[in-house]
2 protein chains.
Amino acid sequence: MDNFTYCAPTRYIFGRDTEKETGKMMAATGCRKVLVVSGGGSARRSGLLDRVFATLDEAGIEYLELTGVKPNPTDDRVYEGIGIVRSNGIDGLLAVGGGSVIDTAKAIAGGACYEGDFWDFWAGKAVMEKALPIGVVLTIPAAGSEGSGNSVITKIEGMRKISLRTDFALRPKFAILNPELTFSLPPEQTAAGIADMMAHIMERYFSPTSDVETTDRVCEGVLMAIIAEAPKVMADPEDYQARANIMWAGTLAHNGVCGCGRREDWTSHGLEHELSALYGVTHGAGLAVVFPAWMTFMASHKPEKIAQLGRRVFGIEDADDKGAALKAVDALRGFFRSIGLPLTLGELGVEDPDLETLSRKFHENKGTPFGPYYPLQPVDTMAVYRLMR
Amino acid sequence: MDNFTYCAPTRYIFGRDTEKETGKMMAATGCRKVLVVSGGGSARRSGLLDRVFATLDEAGIEYLELTGVKPNPTDDRVYEGIGIVRSNGIDGLLAVGGGSVIDTAKAIAGGACYEGDFWDFWAGKAVMEKALPIGVVLTIPAAGSEGSGNSVITKIEGMRKISLRTDFALRPKFAILNPELTFSLPPEQTAAGIADMMAHIMERYFSPTSDVETTDRVCEGVLMAIIAEAPKVMADPEDYQARANIMWAGTLAHNGVCGCGRREDWTSHGLEHELSALYGVTHGAGLAVVFPAWMTFMASHKPEKIAQLGRRVFGIEDADDKGAALKAVDALRGFFRSIGLPLTLGELGVEDPDLETLSRKFHENKGTPFGPYYPLQPVDTMAVYRLMR
């Protein structure tokens, strides 16, 4: 186990009707005038935004809106948000939506406290020390941004999608998690969210650090819970209990507890980011294609941890590591298939993938070789992308 | 799953040599003059206290000491500490030790911010809203107080041992967790600590709330990690990796993540508190006697969750719930025995237990009936105590 520091101070308010607490929680953070960030309009159509605004009114909090944030959120909306914050004396952010909305709100919150270009943080030119307080009302369990200190933003110029990780500055002050708000998610979005949260755990699980039994077992446990509950939410989108378990699993998957004490990998996310950037695929669906391919490659190159996942999560009894690892891939693919996720680039809608460009851009963004669990050279990266066909 | 609020903002600094950070962390909380609370002297003999003092000196923090805090800590030391804080302009507490030391520091931290008698909080006459900042250097992984908002204090008058749970006020600001500091623990203290942390998980696991798969799986995972690592620390007290896994498991066992979304039980802790109060037994060793007895009773009265533990944690395949539950008890007893823990009141040194007094005091303190998982009437409580013989 490696030395680590862990601090996850977000206050989670979980359960039915909890969005009623939004105004009170926002006021408790000391905010008087907030920018409410939202996405494509479903929060408005469902009446959720109006209910949230009512709680802000009741708590005496003024607000302005930034709406229409899209998946794979871009820097232009962040600059727009920072402008609104600065011109209007905004002192806090409230994100009502999923990962893209939360990540945009976070970038605005950090950028507004900085005199330079907010992108400096994402480009590694500055270290974010502070941000305006951020509150969240979560509507999509997937990205885990409601409990993380991370924010993924794409710079339109060059289409560079970069994840910033802060220890502390970007952790939301509170996150309202009402499983009922996820009843209306379409099946493909529910499934992609499930793949995303599983990937957040596996990126941490497939670690080169040994002797992390406690953290391993937490990871395996949350994965098993997701695998047990996923078929229920797919069969009945209004199964409150299953939605609740999936929602809480999505938060635990990415609030850091699954990574304590070890180096994390994040190769598969990097491979997927190139797919999203080049072909605009849904992040979670892309991960369902990327992860089994990467695991298949690892079955021949470093099978131990893939085999452990197979044995402990999927109950595979094969004593040989490579054999167990390959069966783990089969089991994971079978699970993804069962909830309607794509398994190949073709099924993702990428008929003629440009493997060389994908591989080149991956190494441009990540370095060469890249991969804490097993370092990929460009030839390996090509091989992994080839396994996605 | 029940609605819940969860906020665990303690900053954990985990790993080798991390006690060097103590002064810097204490300064980061804004403290200038702290009361250092410690226990029986091993922290002084080992040189740990001197090393900690050196970091305080370096950070420019003044300090006074309260030493000699004993297991099952008592209110007299709390009053003494509050007096020192008030007479000396102390603005923070630093606990260097295990649960008793931390709980005493917490009680002083809360009591010093309150004009009335600190015991009002434990007696349920007042709600603790604030406390002085608390830092921890942990030396015994067991009580989990380093990450919890709880404090257990015994009032000498009437020997009432009461646990106060606060959502927030008593959560330490930071906890230094260096597994090397636990190398010198004697085997019986290591084993009792393991029983204590397992009990903290099981008190939450044996819940009447259904559909808590995610939290259940986290509990089962941490229990499995403890069971895997415990034989290693017993065989080699200086096995860093095993000590590290046990230490982190002890924190996760009690920082609340194992309880999210459900009603908790805490019957076994209540039954054990009476044993400690009447016969002065070690808390963890007492729990090793109490828990299997309680589970045996439940095998006949409400076996489902005991059976689930048996199947998922101990790999028991019995399809019948009562059968699986009884095998779970056997497996747990076998594990406790393997690390040298007592299994009966006789082995605890209580040759002629006064079952009636134990049962009566349990219900006096807890109410009648008591037991969220399964409500115990006095006749049931007597039966459970009888199963400990």
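Anything mentioned here points back to the structure above.
Residues numbered from 1 in each chain as written. Chains lettered and ligands numbered in written order. Predicted model: local features only at pLDDT ≥ 70, side-chain atom pairs only at ≥ 80, totals over all residues.

Participant: Summarise the pairing of strand S1 (residues 4-14) of chain A; cite the residues concerned and give the values.
Facilitator: Alignment of S1 of chain A against strand S1 (residues 4-14) of chain B, held across 7 bridges, turns out to be antiparallel. Bridge pairing in S1 of chain B links Phe14 of chain A to Phe4 of chain B. Two strands pair when backbone bridges link them, and S1 of chain A and strand S8 (residues 174-177) of chain A are joined in this way by 4 bridges, in the parallel orientation. When the bridges of S8 of chain A are listed, Phe14 of chain A appears paired with Leu177 of chain A. (Pairing = 2+ DSSP bridges. Helix = DSSP H or I, 4+ residues; strand = E, 2+ residues; numbered from the N terminus.)

Participant: Any details on the relation of the copies chain A and chain B? Residues and values, ideally.
Facilitator: Superposition record for chain A on chain B: RMSD 0.0 Å, screw rotation 180°, translation along axis 0.0 Å. Interpreted geometrically, this transformation is the action of a two-fold axis. Minimal C-alpha separation from the rotation axis in chain A is found for Pro9 of chain A, amounting to 1.9 Å. With an isologous cut-off of 70% or more, the 100% of interface residues of chain A that recur at the interface of chain B puts this contact in the isologous class. (Least-squares fit on C-alpha atoms with pLDDT ≥ 70 in both. Contact = placed C-beta atoms within 7 Å.)

Participant: I'd love a proper account of the interface of chain A and chain B, names of residues and values included.
Facilitator: Across the contact, 37 residues belong to chain A and 37 residues belong to chain B. The biggest single contributor to the side of chain A that touches chain B is helix H8 (residues 213-235) of chain A, with 11 residues. Tallied by class, the residues present in the side of chain A that touches chain B amount to 20 nonpolar, 9 polar and 8 charged. (Nonpolar A, V, L, I, M, F, W, Y, C, P; charged D, E, K, R; others polar.)

Participant: I'd like to hear about helix H13 (residues 321-338) of chain A, residue by residue, with values.
Facilitator: Residues and elements named next belong to chain A. Between the first and last C-alpha of H13 there are 25 Å, a value that for 18 residues agrees with the 26 Å anticipated at 1.5 Å per step. Listing the buried residues of H13 in full gives Ala324, Ala325, Leu326, Lys327, Ala328, Val329, Leu332, Arg333, Phe335 and Phe336. On its buried face, H13 sits against helix H7 (187-205), H8, helix H11 (283-301) and helix H12 (304-314). In the stretch just after H13, Gly340 is the one whose phi turns positive, near 85°. (Expected span 1.5 Å × (residues − 1). Buried ≥ 20, exposed ≤ 12 C-beta atoms within 10 Å, placed from the backbone.)

Participant: Tell me about the sheet that holds strand S5 (residues 134-138) of chain A, residues and numbers included.
Facilitator: Pairing between the strands of a sheet is mediated by backbone hydrogen bonds and can be parallel or antiparallel. With mixed pairing, 12 strands are arranged side by side in an open sheet as S3(A)-S2(A)-S4(A)-S5(A)-S8(A)-S1(A)-S1(B)-S8(B)-S5(B)-S4(B)-S2(B)-S3(B). Each edge of the open sheet is held by one strand with a lone partner, namely strand S3 (62-66) of chain A together with strand S3 (62-66) of chain B. Averaged over all pairs of adjacent strands, the angle between strand axes in this sheet comes to 25°, irrespective of strand direction. Where helix H4 (residues 75-88) of chain A meets the sheet, it contacts strand S2 (33-38) and S3 of chain A, and its direction lies at approximately 155° from that of S3 of chain A. Most of the contacts of helix H5 (residues 99-111) of chain B go to strand S4 (residues 92-97) of chain B, to which it runs at about 170°, and overall it touches strand S2 (33-38), S4 and strand S5 (134-138) of chain B. (Axes fitted to C-alpha atoms, helices over the stretch in contact; angles between N-to-C directions.)

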